[in-house]
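# Understanding the architecture of this molecule
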Amino acid sequence: MEKTCTDALPLTMNSSEKQETICIFGTGDFGRSLGFKMIQCGYSVVFGSRNPQMSSLLPNGAEVLSYSEAAQNSDIIIVAIHREHYDFLTELAEVLNGKILVDVSNNLKINQYPESNAEYLAQLVPGTRVVKAFNTVSAWALQSGALDASRQVFACGNDSKAKQRVMDIVRTLGLTPLDQGSLVAAKEIENYPLQLFPMWRFPIYLSAVLCIFLFFYCVVREVIYPYVYKKKDETFRMAISIPNRVFPIAALTLLALVYLPGVIAAILQLYRGTKYRRFPDWLDHWMLCRKQLGLIALGFAFLHVLYTLVIPIRYYVRWKLRNITVTQIANKDNPLSTSSAWHSDSYLALGILGFFLFVLLGITSLPSVSNTVNWREFRFVQSKLGYLTLILCTAHTLAYGGKRFLSPSTLRWCLPSAYVLALIIPCTMLVIKFILIMPCIDKTLTRIRQGWERNSKISSALNGKTDI
Amino acid sequence: MEKTCTDALPLTMNSSEKQETICIFGTGDFGRSLGFKMIQCGYSVVFGSRNPQMSSLLPNGAEVLSYSEAAQNSDIIIVAIHREHYDFLTELAEVLNGKILVDVSNNLKINQYPESNAEYLAQLVPGTRVVKAFNTVSAWALQSGALDASRQVFACGNDSKAKQRVMDIVRTLGLTPLDQGSLVAAKEIENYPLQLFPMWRFPIYLSAVLCIFLFFYCVVREVIYPYVYKKKDETFRMAISIPNRVFPIAALTLLALVYLPGVIAAILQLYRGTKYRRFPDWLDHWMLCRKQLGLIALGFAFLHVLYTLVIPIRYYVRWKLRNITVTQIANKDNPLSTSSAWHSDSYLALGILGFFLFVLLGITSLPSVSNTVNWREFRFVQSKLGYLTLILCTAHTLAYGGKRFLSPSTLRWCLPSAYVLALIIPCTMLVIKFILIMPCIDKTLTRIRQGWERNSKISSALNGKTDI
Amino acid sequence: MEKTCTDALPLTMNSSEKQETICIFGTGDFGRSLGFKMIQCGYSVVFGSRNPQMSSLLPNGAEVLSYSEAAQNSDIIIVAIHREHYDFLTELAEVLNGKILVDVSNNLKINQYPESNAEYLAQLVPGTRVVKAFNTVSAWALQSGALDASRQVFACGNDSKAKQRVMDIVRTLGLTPLDQGSLVAAKEIENYPLQLFPMWRFPIYLSAVLCIFLFFYCVVREVIYPYVYKKKDETFRMAISIPNRVFPIAALTLLALVYLPGVIAAILQLYRGTKYRRFPDWLDHWMLCRKQLGLIALGFAFLHVLYTLVIPIRYYVRWKLRNITVTQIANKDNPLSTSSAWHSDSYLALGILGFFLFVLLGITSLPSVSNTVNWREFRFVQSKLGYLTLILCTAHTLAYGGKRFLSPSTLRWCLPSAYVLALIIPCTMLVIKFILIMPCIDKTLTRIRQGWERNSKISSALNGKTDI
């Protein structure tokens, strides 16, 4: 009664019930892998090929026929063929009439063709119902089962029943179908697998520019200046000392940039007296890449922590500490300065607590964690804890500076210490934020955010009250 | 043939097939955002409004009609209106008869009304089929696509076909529907978005109390005592030295509290001779917040690690080390004490290994990681590795104490060193656990857990053997 | 109109619509928990029991009948009974005819019986439609709602409509059904909950062997050698110094082993001139456990970082540094050696950057993170960033060695320093990789990977061009 396949495909169906047959045009890598997976999940698979006799390496249990014969076996035809070779499908128009064609193709470049492959296919064989799907899945992952990257399969199509059937197949294969609407979405779906971190691009450029600027600023102050004035070779500072100034400054600045757009938006809303006007595009984009900015800031903070903790292992530091000890022996008396102890301990403690909260923020932004909290909790963590982190890190930097802050003796070629630069944006932002949360202003802002408008027409005022 | 929307909504359906139309009552923020998303995903949307002419900012492609006209267009009506304004729906009872009303409302406070909004709606318009859904999703997230927090949409309703249709819509929008049963569940669903980490509350209070107590204990011993007896100002210890005692003690105690309820449960089962009696409520609650206790303990352990690693950077420590060196020069001879080297290295090594396993435990408790392991693996990690972590951390603390443990010279005002407090719960627990895993006791316990009862009636003994 | 259950089960359905009734055979822990959950989610549940009068602890709202009476109430019967007691079902063959039997059983050992429990059940009662499901879920998790481990429910069965109905129930209970095909898959499904990290076994054994070998290698060089020649007791090195050699070497070697199979595969493909031949089994297995190897390597790297950062806190190190200071006082003059500063700082900086990228790799391999990136991004991170990590870590080790590398003075009993061993595999691999990416070789390899074959027949050449 039961028939086991001979080769790693043990999952055939009982003959008592008719299995669904799916036809795959094309016997390339992807077609074969998809067929393999489908047979494994209980489908019957028929391949359509130009040379049915010469196709090799096909999964066990699959039939290979000519295109037109294969098409007659199934309602659903997966077109695993490059777009440039779609032409031959016009000849099969009659056989394909009314069938569901699944376009799985990808391009080599973003926006390579004026219209998406799926739309092109739909124009080519007008009698069919074209569904775009499976283009985000890799052949290797299908075959090996190692679906490490996305299990998401975007699907779109103009015929929702056809789309639903394809999405059912996706689900049966253990993947997650995501309905993207009509075939117009195909272009976006085809571009998706070609993207390389589009949301990360701007934050990465920004932080790269910031780092390079800060690096050269520090090189001028700490390598070139002593070389010019004291002929001292301090180039070794470029390995650890200077990065350990650049990274914390970049981290604090980027963290402040995460919360700045929220403040700007609040000022805009206060100024306009309504929330019903769109923000400028740059502000919208900025708001959408806050998570990325924050994570890059966390990366820099992590590097800062590591660079700081290796300090006592460094040859240079050990050499310096030895010299201090040696000179001290001459002086003999060396009482403990309680204020120095307080200063050193408090800025370290502030930094540790700030970093700890920063790591917490990072963990809650992991997709699986943020998916288990509700919006109130998410906002609490990202906003309340976020501001606390920013305050702690700013205080850490201020305490680090201590009395040296802006003292003229630290100026070199009129350049202040690098950490002073780190304080500009966070301090400005915290001051504005502090003004915004003062009761009188906060009340107005809250009313605006609940739908109140300074120059309101009747309708929106009413709606603002009645509707969610 | 295809018609692209002019404004960021490119995904209209092909006219060849009838799109499903959904009606949204209310043109507030949430109603508009939901409509926007629905149009994007291929639905046709009709808004119902009090003032159809005056509604603005609606998504492109949506129609606005009066309530009754809009309702006639669709089987499914989303009621995006505040509960206080539901009354007007009674006038539409005839039009709404037999239709699916989706209640998306939230309240401002937990348990604000005696009955849930959805049940109130169902009573108000008895002829309709009310489904509660979408209340956990934020308007901003829907519109911007940045669904960082929960994609979960809880749905409940008395009519399962209606509920199924709403859940299909949820799925099409790219969200995850979770069936919560009948409309009685609406109260819980409405309370959900108002919750702020309910499972974390007790563990956080507990650890806060613990930390405050330990902090004052250490302040008394290490700041007030030397001030009273030696007039020394040691207040700077409050920044790093004392937190670095408080955090590890809190971490170890909380970690022991994670495993304590399991031990108590085992004793209870042994005492009662059956597993078929419910545990007292406090034990049940304790067991359900073990994960949270463990993660807070991990947080403290992480802080302890950071505080420990900055030790050599601290001014006070450098000052002390310098003084030791200076005094040594007088003595000249200073042979390496192998036992001191062993002592210092072994407690550091134990601490590092304990922390490493603790981090592993933390990582496996991430939802996405724990979701990829089976129960046997999960229990292996959380129980076997967990106990190993506890043993290593307890050993780390014992080794840290070394010979000083309970020696009278460390008593100050009869108070022992703080780390001694850390050992009470873990050591007690490990001793009891050790007794429990002795073969004779373990055998009885295993039998009880497999369904055996000391004073068994026939039926349960039989069932215990036959049934799973 | 609405009826609330009295006991923690508030979710009964409205009487206006008929609820689906499900029958559960067996009133053991699992049967009861499943029944509890089903009632909570709106199903009506009837238990079948040998002694209906004597069953206790059943969820509120459930009925208990004799087996045959219970079976008549529902199409779907969940068999929550141990396999050894399935026999009695043959007597009920008539009542069960045509019904869906859900086998939820597990075994105690992998491959305990020749055929799976579900197949055995299907043979025993041939007229029924058997579906395997729910065996991966724990009773405690169902009842407490703490579904920390897998929510995945694997389902298989020969009748796809029956399977579909069971999967719908799974979905309603808030779990994730995964269709595994026909009943032949039941064996694998039954083995799944008994597995203990099968993919991790080989990597863990390998790294354990590696660590033990390296440990003894270092003990010979650093403990036994000085003891034999200088009668010095250096055993305390076994706590930190030696582990801190073993872990980084293991980390670097394992990281190189992650990328080695890719290089071997490329060489094989170049040698064979085609990608259409299967790799040897050992290579396939190696490729599938690369992620595990990498994560273990990351664990070792993390330990190495911790062990390195505690260095300045160690008694032994402080003692040594003091002695250096004391001797220096005699010599007086001790200029800063810029080259030493460069050397120390650069290997530390390389190590930090390498570790930072390594942590990034680790984070992107978290299931929830890797699920949000597309294949291009995943490959970019795992391949480009991975190679960069390997290069940085290898450079860190080379820089650590510095001039001492292979100098005869470091040999002890002809054994080179341990770090030299760490360099063998990574350096070999990087050299081969460097040769492979030279334009002439890379071009051939790319062509082969796009389907070109050195000794190609027409069909595959054509297919390679046309099909995906």
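Calculation criteria
- Residues numbered from 1 in each chain as written.
- Chains lettered and ligands numbered in written order.
- Predicted model: local features only at pLDDT ≥ 70, side-chain atom pairs only at ≥ 80, totals over all residues.
- Heavy atoms only, no water.
- UniProt positions renumbered as here; feature names shortened; annotations may be inferred.
- Helix = DSSP H or I, 4+ residues; strand = E, 2+ residues; numbered from the N terminus.
- Rg over C-alpha atoms; globule rule 2.2 N^0.38 Å.
- Buried < 20%, exposed > 50% of the residue type's maximum accessible area, 1.4 Å probe, protein only.
- Lys, Arg positive; Asp, Glu negative; His and termini not counted.
- Charge placed at Lys NZ, Arg CZ, Asp CG, Glu CD.
- Salt bridge = Lys/Arg side-chain N within 4 Å of Asp/Glu carboxyl O.
- Pairing = 2+ DSSP bridges.
- Right-handed = clockwise from strand over helix to strand, strands pointing away.
- Contact = heavy atoms within 4.5 Å.
- Buried area = accessible area lost by both parts, 1.4 Å probe.
- Polar contact = N/O pair within 3.5 Å; in protein donor to acceptor, adjacent residues only side chain to side chain.
- Nonpolar A, V, L, I, M, F, W, Y, C, P; charged D, E, K, R; others polar.
- Axes fitted to C-alpha atoms, helices over the stretch in contact; angles between N-to-C directions.
- Least-squares fit on C-alpha atoms with pLDDT ≥ 70 in both.
- Expected span 1.5 Å × (residues − 1).
- Domains from an automatic or database assignment.
- pLDDT = per-residue confidence, 0-100.

Chain A is annotated in an unreviewed UniProt entry as Metalloreductase STEAP4 isoform X2 of Trichechus manatus latirostris. Of chain A, the UniProt comment under Sequence similarities (unreviewed entry) reads exactly: "Belongs to the STEAP family."

### Some words on the overall build of chain A
Helix and strand counts for chain A stand at 18 helices and 8 strands. What you see for chain A is a C-alpha radius of gyration of 32 Å, clearly larger than the 23 Å of a compact globule of 468 residues, by over 25%. The principal-axis extent of the C-alpha atoms belonging to chain A is close to 100 × 70 × 45 Å. Going through the 468 residues of chain A one by one, you find that 55% of them count as buried. Charge-centre separation for chain A: the mean point of 47 positive side chains lies 17 Å from the mean point of 32 negative side chains.

### Description of the pattern of salt bridges
Side chains that differ in sign of charge can pair as their charged atoms come close. One pass over the structure, following the stated rule, counts 36 salt bridges over all chains. R237(B) is the salt-bridge partner of E234(B), the closest N and O atoms lying 2.5 Å from each other. Classification of E234(B) as buried rests on a relative accessible area of 9%. E190(C) is the partner of K132(C) in a salt bridge, and the nearest nitrogen-oxygen pair spans 2.8 Å. Of this pair, K132(C) sits in strand β6 (residues 129-132) while E190(C) sits in helix α7 (residues 186-191), placing them 58 residues apart in sequence. Given a relative accessible area of 2%, E190(C) falls into the buried group.

### Section: the pairing of strand β7 (residues 152-157) of chain B
Residue and element names in this part refer to chain B. Counting buried positions along β7 yields 5 of 6 residues, so the element is predominantly enclosed. Sheet topology places strand β6 (residues 129-132) next to β7; 2 bridges connect them, and they run antiparallel. The partner of K132 across the bridge, within β7, is C156. As paired elements, β7 and strand β8 (residues 176-179) share 4 bridges and run parallel to each other. Within β8, the position partnered with Q152 by the bridge is T176. On the question of chirality, the crossover connecting β7 to the parallel β8 by way of helix α6 (residues 160-172) is right-handed.

### Comments concerning the interface of chain B and chain C
Listed as interface residues are 69 residues of chain B and, on the opposing side, 77 residues of chain C. Here chain B meets chain C over a buried area of about 6600 Å², counting both sides, of which 64% is carbon and sulfur. If you look at where chain B meets chain C, you find 1 salt bridge. Where D345(B) meets R314(C), a salt bridge forms, and the shortest distance between an N and an O atom there is 2.8 Å. The interface formed by chain B and chain C includes 9 residue pairs in polar contact (both at pLDDT 80 or more). Among the secondary structure elements, those contributing two or more residues to the side of chain B that touches chain C are α6, β8, α11 (290-309), α12 (315-331), α13 (338-364), α14 (367-370), α15 (375-401) and α18 (458-466) of chain B. For the side of chain B that touches chain C, the element with the most residues is α13(B), which contributes 14 residues. Residue composition of the side of chain B that touches chain C, by class: 33 nonpolar, 23 polar and 13 charged.

### What about the sheet that holds strand β4 (residues 76-79) of chain A?
Residue and element names in this part refer to chain A. An order of β3-β2-β1-β4-β5-β6-β7-β8 is seen for the 8 strands of this open sheet, with the pairing classed as mixed. Here the strands that pair on one side only, and so sit at the sheet edges, are β3 (63-65) and β8 (176-179). On average, adjacent strands in this sheet sit at an angle of 30° to one another, irrespective of strand direction. In this structure, strand β5 (residues 100-103) lies alongside strand β6 (residues 129-132), joined through 4 bridges in parallel fashion. The residue of β6 that forms the bridge with I100 is R129. Sitting on the sheet, helix α1 (residues 29-40) is in contact with β1 (21-25), β2 (44-48) and β4, with an inclination near 160° to β2. This element, helix α4 (residues 117-124), spans β4, β5 and β6 of the sheet and lies at about 170° to β6.

### Points about the relation of the copies chain B and chain C
In the superposition of chain B on chain C (RMSD 0.1 Å, axial shift 0.0 Å), the rotation amounts to 120°. Taken together, these values place the two copies in the relation of a three-fold axis. For chain B, the minimum C-alpha distance to the rotation axis belongs to S368(B) and amounts to 3.1 Å. Here only 10% of the contact residues of chain B are again contact residues in chain C; the copies associate through non-equivalent surfaces.

### Here's the deal with the sheet that holds strand β5 (residues 100-103) of chain B
Residues and elements named next belong to chain B. As summarised here, the arrangement of the 8 strands in space is β3-β2-β1-β4-β5-β6-β7-β8, forming an open sheet in which the pairing is mixed. Edge positions in the sheet fall to β3 (63-65) and β8, since each of these pairs with one other strand and no more. Strand-to-strand, the axes of this sheet are offset by a mean angle of 30°, without reference to chain direction. Its contacts with the sheet put helix α1 (residues 29-40) on β1 (21-25), β2 (44-48) and β4 (76-79), and the angle it makes with β2 is roughly 160°.

### Here's the deal with helix α16 (residues 418-436) of chain C
Residue and element names in this part refer to chain C. Taking 1.5 Å as the rise per residue, α16 with 19 residues should run 27 Å; its terminal C-alpha atoms sit 29 Å apart, in good agreement. The complete set of buried residues in α16 reads A418, Y419, V420, A422, L423, P426, M429, L430 and L436. Buried residues along α16 sit in contact with α8 (198-230), α9 (243-272), α15 (375-401) and α17 (439-449).

### Details of the interface of chain B and chain A
Quite often, the size of an interface is put as the accessible area lost when its parts meet. Opposite the 78 residues of chain B that make contact, chain A presents 68 residues. One can count 1 salt bridge joining chain B with chain A. Our count for the chain B to chain A interface comes out at 9 residue pairs in polar contact (both at pLDDT 80 or more). The element contributing the most residues to the side of chain B that touches chain A is α12(B), with 9 residues. Per-class residue counts for the side of chain B that touches chain A are 41 nonpolar, 25 polar and 12 charged.

### A few points about unusual backbone geometry
The phi dihedral of K231(A) is positive, around 55°, even though this residue is not glycine. The backbone of F197(B) sits at a positive phi, close to 50°, despite the residue not being glycine. Structurally, F197(B) can be placed in the loop between α7 (186-191) and α8 (198-230).

### Considering the domain arrangement of chain A
Domain assignment breaks chain A into domain 1 (21-194) and domain 2 (198-454). Computed over C-alpha atoms, the centres of domain 1 of chain A and domain 2 of chain A are 50 Å apart.

### A short note on helix α4 (residues 117-124) of chain C
Within α4(C) the residues assigned to the buried category are N117(C), A118(C), E119(C), Y120(C) and L121(C). Lining the buried residues of α4(C) we find β4 (76-79), β5 (100-103), β6 and α7 of chain C.

### Some remarks on the confidence of the model for chain A
Detailed reading of the predicted coordinates is not advisable wherever pLDDT falls low. Residues and elements named next belong to chain A. When pLDDT is averaged along chain A, the result is 84; 90% of the residues meet or exceed 70. Here helix α18 (residues 458-466) stands out as the element of chain A with the lowest mean pLDDT, 49, in contrast to helix α11 (residues 290-309), whose mean of 95 is the highest. Long-range and interchain partners of residues 1-17, a stretch whose pLDDT sits below 50, account for 39 contacts in this model, where long-range means more than four residues apart. The ipTM for the predicted assembly is 0.84, set against a pTM of 0.86.

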